[in-house]
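# Coordinates in review
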Amino acid sequence: MSRELDSELGFSQEEIAECLARQGLLSLELEFTRACNLRCTYCYSSAGEALENELSLDELCAVVEHARDLGARRIILLGGGEPLLFPAVREIIRHIDALGLSQAIFTNGICLDTALCRFLFENRVTVAVKQNSFLPAVQDALAGVRGAHAGIQRGLRLLMDAGYPDAEHRLCVQSVICRANRAEMGDMWVWAREHGITPYFEALTDQGRAREHPDLTLSAAELQQVFQELAEIDRRRFGISWNARPPIAGFTCRRHLYSCLVNSQGFVQPCPGVDISVGNVREKPLGAILRDSRVIRDLRGIYRQIDPACRACRFAGTCYGCRGNAYQATGSYLAADPGCWLKSTVAGEACACGGGE
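The present account deals with the structure reproduced in this document. (Residues numbered from 1 in each chain as written. Predicted model: local features only at pLDDT ≥ 70, side-chain atom pairs only at ≥ 80, totals over all residues. Heavy atoms only, no water.)

## Observations concerning the packing of helix α8 (residues 185-194) against helix α9 (residues 220-238)
Contact geometry for α8 and α9: axes closest at 10 Å, N-to-C directions at 35 degrees. Handedness of the crossing formed by α8 with α9: right-handed. Seen from α8, the contacting residues are M185, G186, W189, V190, R193 and E194; seen from α9, they are V226, L230, I233, D234, R237 and F238. For the contact of α8 with α9, a count of residues per class yields seven nonpolar, one polar and four charged. (Axes fitted to C-alpha atoms, helices over the stretch in contact; angles between N-to-C directions. Helix = DSSP H or I, 4+ residues; strand = E, 2+ residues; numbered from the N terminus. Left-handed = near helix turned anticlockwise from the far one by under 90°. Contact = heavy atoms within 4.5 Å. Nonpolar A, V, L, I, M, F, W, Y, C, P; charged D, E, K, R; others polar.)

Next up, the structure:
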């Protein structure tokens, strides 16, 4: 059985083609606040304290409505920091549900209690819990806070007690693949599969606090080994087949064709990794920002514009590696992903795009 995570967390080729044709959205990634109760060593946003002038509840709800009007069917609640610390998180979730949109929240799980888990379940929220290690010392070190492991495990237990996962209530574990947890990847993957949990294991992007911890980053060859081990586990033990390629195990990232991110201050970015502001929803409607942005146009035409080494790859047209990793490492969001072990050695001129409008 072929079942890449695209079928669970993404959209079909036909849906994406239709979205590109109308210059709309299928999903929106939404940050609430940079406030966080952890200080993760790999955090893309260096989260900790709330930023000045973050979006209000009314502004966040308006952004969601605009995304819906552009065709979005799913809202991804990132927080930027820890979304459950946002005082009005329940109101946002209720609003998204009332609009008939699906939603997923990425959380470290530490703020969860019985009532909140029941609320998430009743509102059909997909929950992704950030679990990076089974070992308390490793998890706490990666989270930058003592006791994080215990809090994460408690949160997962409470979600399962509330009824997660089942056919209508997906539970995921998000893990950043790095040197500290590399030896655990197989065991964590098997545990997730055996509990009906979707594993969302992704390569580390060199931004935010990760730049202060270069020892965490695996080489492309090391990443290849991890991805191939996980693919073999799925094939052999679970009858699930997928191609091993970055940046997410079992999943082809195609978010740039149909999504964008609105951060907690209203700035629109292609994704967390390509942290280029292409406009602000306080100054211009979301649809106009997407339509007028050269960066968005470049990324929506990524398969035509990407580095020649990627255009020569056997997966050209279905995969583009990690645009965030490419941008953070090279300054070009059209460059080959330096963490990709599949890119062709065909010579070609470097792409000239950099950042900004």
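## Overview of helix α4 (residues 89-98)
Here α4 has its buried residues at V89, I92, I93 and I96. Looking down the long axis of α4, one finds its buried residues gathered within 100 degrees of arc, a one-sided arrangement. Along its buried surface, α4 packs onto α3 (57-69), β2 (74-77), β3 (102-107) and α5 (114-122). Following α4 by one or two positions, G100 adopts a phi angle in the positive range, close to 80 degrees. (Buried < 20%, exposed > 50% of the residue type's maximum accessible area, 1.4 Å probe, protein only. Arc of directions from axis to C-beta.)

## Topic: α9
If you check α9, its first and last C-alpha atoms are 26 Å apart, about what 19 residues at 1.5 Å a residue would give, namely 27 Å. Within the sequence span of α9, burial applies to L223, V226, F227, L230, A231, I233 and D234. Each buried residue of α9 lies within a common arc of 150 degrees when the element is viewed along its axis, so the set occupies one face. Residues of α9 that are exposed and point more than 90 degrees away from the buried face comprise A221 and R236. Its buried side turned inward, α9 meets β5 (171-177), α8 and β6 (198-203). A positive backbone phi angle near 65 degrees is found at G239, which sits one or two residues after α9. (Expected span 1.5 Å × (residues − 1).)

## Structural notes on the pattern of salt bridges
The tally for this structure, following the rule as stated, stands at 17 salt bridges. Of the charged contacts, one joins D69 and R68 as a salt bridge, the two residues approaching to 3.2 Å between their closest N and O atoms. Its relative accessible area of 33% is what places R68 among the partly exposed residues. Where D292 meets K284, a salt bridge forms, and the shortest distance between an N and an O atom there is 2.9 Å. Take D292: its relative accessible area is 39%, and that puts it in the partly exposed class. Using a relative accessible area of 33% as the deciding quantity, one classes K284 as partly exposed. (Salt bridge = Lys/Arg side-chain N within 4 Å of Asp/Glu carboxyl O.)

## Notes on the packing of helix α6 (residues 136-143) against helix α7 (residues 148-161)
Two elements in contact, α6 and α7, have axes separated by 7 Å at closest approach and are oriented at 100 degrees. By the criterion of interaxial angle, the relationship of α6 to α7 is roughly perpendicular. On the side of α6, the interface is formed by P136, Q139, D140 and A143, while α7 contributes A148, H149 and I152. In terms of residue class, the contact of α6 with α7 is made up of four nonpolar, two polar and one charged. (Parallel < 35°, antiparallel > 145°, perpendicular 65-115°, else oblique.)

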